[in-house]
Amino acid sequence: MSPVPGTTTGSGTTAPDSAQAAAPLSAPALPAPSAPTASAPSEGPSSDARRALATTERIRRSVRRLPHLLLGGATRSAAIVALVLLWEAAPRLGLADRTFLPPFSEVAAAWWDLAADGQLADNARASLVRSLSGFGLAVVCAVPLGLLIGWYRPVADVLGPLLEVFRNTAALALLPVFVLLLGIGETSKISIVVYACTWPVLLNTISAVRTVDPTLLKLAKSMDLSAARVFQKVILPSSVPMIFTGIRLAGAVSILVLVAAEMIGAKAGLGYLINASQYNFAIPQMYAGIVTISAIGVAFNQLLVALEKRLSSWRVPAGG
Amino acid sequence: MPGTTTQSPTPKIVFKDVRKEFTVKDRAGNRRTSRFTALDGVDLEIADGEFVVIVGPSGCGKSTLLDLLAGLDRPTGGRILLDGRPVTGPGPDRSVVFQQYALLPWRTALGNVEFGLEATGVPRRPRAARAREFLGLVGLSGFEDRHPHELSGGMRQRVAIARSLAYDPGVLLMDEPFAALDAQTRESLQDELLRIWQRTGKTVVFITHGIDEAVYLGQRVAVMTSRPGRVKQVVPVALGSRTATDDLRSSPEFARHRHRIWSLLHDEVTRAQRLEKEEVSV
């Protein structure tokens, strides 16, 4: 037969195949595949040298890419730098009232003072403990619940509309209800975070389970896998990226909601810091609190994005 | 080797008067359901180690027939026997190759082949070695660690074929496996499949709507009617030695067989198209 373009196999590359599929293959029938793995560790010293060479090559390559990276960094930070410059210039040029919008440098100085006397750290810690425990609780409850609801289709059909109603009820609108029922302490604050974080995680998990590629389910069925195995080997791994998108959304929500909650009847926390500063007319301190919150929000989100990327690296790149 | 088609006393696969109906919902707003007959009176016998191609117009129930044989669905009437025993569900004695590859995108090529082995309870240690070997069999040595999205369509289907073969089923069910591939890749995979079939001696049931593909691959070609589907005629294909000629597809015997199947199909395709049009306009 004439070689067809695109065929990568000649009969020469398939030496061990003569063992055939028909006979259950035992180890001695497979000398060829194990050979390359066995030979790798035997050449220790030379592979060390090769690794060193590879490292220098990598360094050289990254040095060559340095201007490129710098340019990329400059592009990404340009807008933020512009905002800071505008913030600095507007009050100084009299475009904004200096009392209500102090220049950025004053805010930075106030931030530094707050950081130095430990106030910032105390308040940030109080906020983070609340939002992380609320966020964690929500994830721990909502993911298994979502998997369960998504797996049992009738349950999903019954609960779907109800979940939509809850999701579209702004969590902050319910804050008075939480305060009424749970008081003004930590419980109500953490509860509202749990509530707000639950919906994105729950709904994304349900829809992840329900949108598993039907061909994969058919494949699993054709292999006679048990329901538990299908869940473990097909549904769970294929749901991970979408569940994680929900978790990332919840991460952002946890900080947004908490700060608002802290503005009502709290004795610590970044929301309290902002509110108290405003009452005491410590305007630069107020802005310092706001900047801290955005920084924490961005950092948390970046962390979750990085984690998400790692967990869904197998996903087809967009457009591919 | 399966080159000879001596009909053994007990055929590997028997379809006996197989009938399949579906309940379909009528148009939106209408709560009535209606019965839809996909297959009606399918009779076909397939010998052990045989390569049979089933060809028919679109919507004739080819894939339904394969689903029934795979045990993914139960027939409404008639019997399907595998090794003399009725098919009651899916099992590791059959494996399906899908048109859309059905690879697990989060697993590497090796992991995907191992998936089939995990399903059939092959212990962990021999799994990787065996998966490696079958990737070699389909010409993918060196691609073990690639994820499906890093492979071409042809390579993905090779992985799927390796997965199906690795757990050593007696019967390979292929549902238009090459339909989504470009012409060159398809031809090379057809050759590859024949080579693997000759080497492993599996019974292959291959569904296609391509006449050329049917003639090229099949020892026998079962032509199906339009809906409700049944086997119109089984055409034995004798092309002489496959390895003797360079371009089998341009040989006179190939053309003769091709024309025969084309004529058998032609009326059915026209009828199927008329049926489809009527359905849309209702």
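Here is what the cut-offs are and how they apply
- Residues numbered from 1 in each chain as written.
- Chains lettered and ligands numbered in written order.
- Predicted model: local features only at pLDDT ≥ 70, side-chain atom pairs only at ≥ 80, totals over all residues.
- Heavy atoms only, no water.
- UniProt positions renumbered as here; feature names shortened; annotations may be inferred.
- Helix = DSSP H or I, 4+ residues; strand = E, 2+ residues; numbered from the N terminus.
- Phe/Tyr/Trp six-rings, centres within 6.5 Å; stacked < 30°, edge-to-face > 60°.
- Core = buried A, V, L, I, M, F, W, Y, C linked by side-chain atoms within 4.5 Å.
- Buried < 20%, exposed > 50% of the residue type's maximum accessible area, 1.4 Å probe, protein only.
- Contact = heavy atoms within 4.5 Å.
- Pairing = 2+ DSSP bridges.
- Axes fitted to C-alpha atoms, helices over the stretch in contact; angles between N-to-C directions.

**Q** For this particular structure, what's the right way to read the UniProt feature "transmembrane region" (unreviewed entry) in chain A?
**A** All names here are of chain A. In the UniProt entry, the feature "transmembrane region" (unreviewed entry) is given for residues 132-153, 165-184, 190-209, 249-274 and 286-307. Helix makes up 55% of residues 165-184 and strand 0%. Its end C-alpha atoms lie 26 Å apart. Across residues 249-274, helical content stands at 73% and strand content at 0%; the span's end C-alpha atoms are separated by 24 Å.

**Q** Got a minute to help me understand the packing of aromatic side chains in this structure?
**A** The geometry of two aromatic rings is summed up by the distance between their centres and the angle between their planes. Tallied over the entire structure, the rule returns 13 aromatic pairs over all chains. With 5.8 Å between their ring centres and 65 degrees between their planes, A:Phe178 and A:Tyr195 make a pair best called edge-to-face. With A:Phe178 in helix α7 (residues 175-182) and A:Tyr195 in helix α8 (residues 186-210), this residue pair connects regions lying 17 residues apart in the sequence. Between B:Phe51 and B:Trp197, the aromatic rings sit 5.4 Å apart at their centres with planes inclined by 85 degrees, giving edge-to-face as the arrangement.

**Q** For this particular structure, what's the right way to read the nonpolar core?
**A** Generally speaking, soluble globular proteins have nonpolar side chains that are buried together. Among the nonpolar cores identified, the biggest contains 144 residues, and A:Val234, B:Phe15, B:Phe51, B:Phe206 and B:Ile261 are the most heavily contacted of them. In this view, B:Phe206 contacts B:Phe51, B:Val52, B:Val53, B:Ile54, B:Met174, B:Pro177, B:Phe178, B:Leu193, B:Glu213 and B:Leu217; residues no more than four positions away in its chain are not counted.

**Q** Honestly, the pairing of strand β10 (residues 231-236) of chain B in this entry has me stumped. Any pointers?
**A** In regular strands, side chains alternate between the two faces of the sheet. Residues and elements named next belong to chain B. With five bridges connecting them, strand β9 (residues 220-224) and β10 associate as antiparallel partners. Note that in β10 the partner of Ala222 across the bridge is Val234. A loop of six residues connects β9 with β10, the two strands running antiparallel in sequence.

**Q** For this particular structure, what's the right way to read the sheet that holds strand β3 (residues 51-55) of chain B?
**A** Neighbouring strands of a sheet are bound in pairs by backbone hydrogen bonds; such pairs are parallel or else antiparallel. Residue and element names in this part refer to chain B. Taken in spatial order, the six strands of this open sheet run β6-β7-β8-β3-β9-β10, and their pairing is mixed. The open sheet has two edge strands with one neighbour each: β6 (94-97) and β10. Neighbouring strand axes in the sheet, compared pairwise and without regard to direction, differ in orientation by 20 degrees on average. Sitting on the sheet, helix α7 (residues 252-281) touches β3, β9 and β10, and the angle it makes with β10 is about 175 degrees.

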